[in-house]
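What follows is each chain in one-letter form.
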Amino acid sequence: MSIQAGLVGLPNVGKSTLFNALTKSQVPAENYPFCTIDPHTAITAVPDKRLVILKSLYKSEKIIPASVHFVDIAGLVKGAASGEGLGNQFLSYIREVNLILHVVRCFEDPNIMHNGDTIDPLADYEIIVSELLLKDLESVDKRIPKLEKPLKYGTPQEKKAAEQELALLQEVRKAIDVADAEKVRSIITTASTETIPLLTAKNFLIIANMSEDEIGNDDYTKNTHYQTLVKQFGVDKVIAVSAKLEFELSQLNEIESEEMMNMLGLAESGLELIIQKTYKELGLVTFFTCGPREIHAWPIKKNTPAVIAAGEIHSDLQKGFICAETYSYNDIVELKSEQQIKDTGRMRREGKDYIVQDGDIIHIRFNV
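What this report covers is the structure whose coordinates are included nearby. The shown structure was predicted, so the numbers you read here are calculated from the model rather than taken from an experiment.

When the terminal C-alpha atoms of helix H6 (residues 156-177) are compared, their 31 Å separation across 22 residues agrees well with the 32 Å that a helix rising 1.5 Å per residue should span. Buried within H6 are the following residues: Ala 162, Glu 165, Leu 166, Leu 168, Leu 169, Val 172, Ala 175 and Ile 176. Looking at the buried side of H6, the elements it contacts are helix H4 (121-146), helix H5 (148-153) and helix H7 (181-190). Phi turns positive one or two residues past the end of H6, at Ala 179, with a value near 55 degrees.

Unlike most non-glycine residues, Asn 303 shows phi in positive territory, near 70 degrees. Even without a glycine there, the phi angle at Lys 336 is positive, about 75 degrees. Secondary-structure assignment places Lys 336 in the loop between helix H15 (329-335) and helix H16 (338-343). Classification of Lys 336 by relative accessible area gives exposed; the value is 51%.

Moving on to the nonpolar core. As a rule of thumb, nonpolar side chains are buried together in soluble globular proteins. One finds Leu 18, Phe 70, Leu 101, Leu 229 and Ile 274 to be the most contacted residues of the largest nonpolar core, which totals 87 residues. Here this core gets 8 residues from one element, more than from any other, and that element is H4. Not counting the four nearest positions on each side in its chain, Leu 18 is found in contact with Leu 7, Val 103, Ile 207, Val 241, Ala 243, Leu 271 and Ile 274. Core analysis: the second largest hydrophobic core is formed by 15 residues, Ile 300, Val 307, Leu 317 and Ala 324 among them.

To continue, consider the pattern of salt bridges. Pairing is possible between side chains that carry opposite charge, provided their charged atoms lie close to one another. Applying the stated rule across the entire model yields 19 salt bridges. Among the charged side chains, a salt-bridge network with shared partners connects Asp 48, Arg 50 and Asp 358.

Reading guide: rules and limits
Residues numbered from 1 in each chain as written. Predicted model: local features only at pLDDT ≥ 70, side-chain atom pairs only at ≥ 80, totals over all residues. Heavy atoms only, no water. Helix = DSSP H or I, 4+ residues; strand = E, 2+ residues; numbered from the N terminus. Expected span 1.5 Å × (residues − 1). Buried < 20%, exposed > 50% of the residue type's maximum accessible area, 1.4 Å probe, protein only. Contact = heavy atoms within 4.5 Å. Core = buried A, V, L, I, M, F, W, Y, C linked by side-chain atoms within 4.5 Å. Salt bridge = Lys/Arg side-chain N within 4 Å of Asp/Glu carboxyl O.

This is the structure:
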C-alpha cells in the first residue's frame, strides 16, 4: 500500500531538516529558498512495540514493520498558484499525497532567513492554504463547463449525476470565495457524490517547529505561537518538535539517543509522535502475519474486508481466498501460543467480508 504524507511549508521553516531526521537521509537543508527542487520521498518504519513481543513469542528471525511514505515538497511562496517560485510544479506534488503535514516555524533566529518580517506560523499556514484554495478554484472553474454536455445530452442517470456534482461544486466555490478551507473540507468529506480531487479537502496535521531550548520538559506549551496554533486547530492536530534536535538525535545510536533525551527531559521522540499521528490521520490500522521466519506488520485502511487485506499480502491470496484464520494480538500475549488459542476456542474462521481489526493476527487459507 503506497500512502504518502507530504511535508509542506514556506521556505526555511525546517522541512528538509525534519525530513532528514524522519528518514535518516541527507536531503540538502541549506539556508536559502528552493534548496529542495524535486520532491524527495522516503519510506519510514512505524514504531510498534507489539512487534518485539510477537518476535519473542514466535521466536521469529526478523521483523518487518509497517511503513509510511514521507515526501519533502519544496517550499511554497505567495503566488504559487499563479506560478511564482515554481508553484504549479510544487502544487502538483501536493496533489499526489494523502495527508498534508504543514511545517511552521515557531522560534526566532536572526541567522535563519524568514519569509516575512516577523515569525507568525498561523499567517504562514494561511499563505499556503490560500494558494491551495486558488488552485482548487482553478480546478473547479475548469470542471463546471465539462458538466454541460451530460446535463444536456446525457442519459437520465448521467444527467442526475451531473446535477449532483454541479450542486456540490457550486457549494465548494462559495466556500472558496470566502477563503473557508475548513468548509471546503467539510463539504467534500460529507458529500454523497464524487467530484474532482481538491487540495484543500485533504486531511492535515500542523508540525510546530520549536527551538531546542523550548522542547524539553514540555516548555513548548508556554510558546505563544504554539498556543495560537492549538487554539486554532486543537491540541490533537498540532505536534511540537525541534527539527534541529530531532535530526541530531537521529544521528546517534539508540543508547546515545536515549541518554540525550533523558538529559533534555524528553519523554518520547518527536519523530515517533509524527509517524504515529500520521499513521492515525491517514486512517490506517495494522494486522500481522506471524511465523518463525518473520513478523510482518501490514498497514490497511480502517474498515477493510479480509479479502482485500489478503491482497495486500499477495494478489493470489485475494483471488483464491477461502477464509481468514484470525485471532488478536491480546490473545497471543495472554495465552502464549497458537495451540492454546485453538484449545480455548479463540481461533476464528472469518469470511471475505470480515472487517479486519487493528492488532488482528491472520493466516489466509486460499486455493488458486
